[in-house]
Every structure is written in structure tokens, then in C-alpha cells.
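Listed below are the residues making up each chain.
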Amino acid sequence: REIIDLMGAYPGRAFRMREIVKYVAGNAPPSEERHRIRMQLANVIRELEMMGCISRRPSASKRGGFALYRWRS
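Because the structure is a prediction, the values reported are computed rather than measured.

Rules used throughout
- Residues numbered from 1 in each chain as written.
- Predicted model: local features only at pLDDT ≥ 70, side-chain atom pairs only at ≥ 80, totals over all residues.
- Heavy atoms only, no water.
- Salt bridge = Lys/Arg side-chain N within 4 Å of Asp/Glu carboxyl O.
- Buried < 20%, exposed > 50% of the residue type's maximum accessible area, 1.4 Å probe, protein only.
- Phe/Tyr/Trp six-rings, centres within 6.5 Å; stacked < 30°, edge-to-face > 60°.
- Lys NZ or Arg CZ within 6 Å of the ring centre and 35° of its normal.
- Pairing = 2+ DSSP bridges.
- Helix = DSSP H or I, 4+ residues; strand = E, 2+ residues; numbered from the N terminus.

A.B. asks: Could you clarify how one ought to interpret the pattern of salt bridges in this entry?
C.D. replies: Pairing between side chains becomes possible if they bear opposite charge and their charged atoms approach one another. Applying the stated criterion to the full structure yields three salt bridges. Residue Glu19 pairs with Arg13 through a salt bridge whose shortest N-O separation is 3.1 Å. Take Glu19: its relative accessible area is 30%, and that puts it in the partly exposed class. On the accessibility criterion, Arg13 (37% relative accessible area) is partly exposed.

The structure is reproduced here in C-alpha cells:
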């Protein structure tokens, strides 16, 4: 639900995974719990991508880069 709330409010904007995790986890300190949240979000984003709700732009570099996720309208 949080992913749809965040990304649906800004349909043309691209988000990094870090921004989505920060929105969902709030002020939780970096820890195992935050990692668990990130893994769960990755699963949800993958499902939304397969349904055609989200487009993903892969990282430009192989290591150290980041993908961008955008809500399709």
C-alpha cells in the first residue's frame, strides 16, 4: 500500500529503492529490520513490474549503480 501511495502521488517521477525504503521504514535505524523491509519491497516492486504498473530503468553501471522505478499512468 505504501508503494502505491508514494509512487501514485508522483506518477512521472523516478524513485530509487533507498527513497522507497525510507518512506516505508520511517526513522528506523539501518539494521536487519530495514534490510528485511527492503527485501519485501523488492518482491512487491517485482510483482507490480510484472503487472505493468511500474517501469524499471536498470543501473547504468554493473556495480555500485542503482535502478530507478517509475509509476506508469
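There's plenty left to go through after this.
A.B. asks: Please explain the packing of aromatic side chains as it appears in this structure.
C.D. replies: Aromatic ring pairs are described here by two measures, namely the spacing of the ring centres and the angle between the planes. Applying the stated criterion across every chain, the model contains one aromatic pair. Above the face of the Phe66 ring, Arg16 is positioned so that its terminal group lies 3.7 Å from the ring centre.

A.B. asks: I keep staring at the sheet that holds strand β3 (residues 68–71) and nothing clicks. Help me out?
C.D. replies: Across the sheet, three strands lie side by side as β1-β3-β2; this open sheet has antiparallel pairing. In this open sheet, the two edge strands, each paired with only one partner strand, are β1 (14–15) and β2 (54–57). Taken together, the two bridges between β1 and β3 define a ladder with antiparallel strand orientation. Across the sheet, residue Ala14 finds its bridge partner in β3, namely Arg70.

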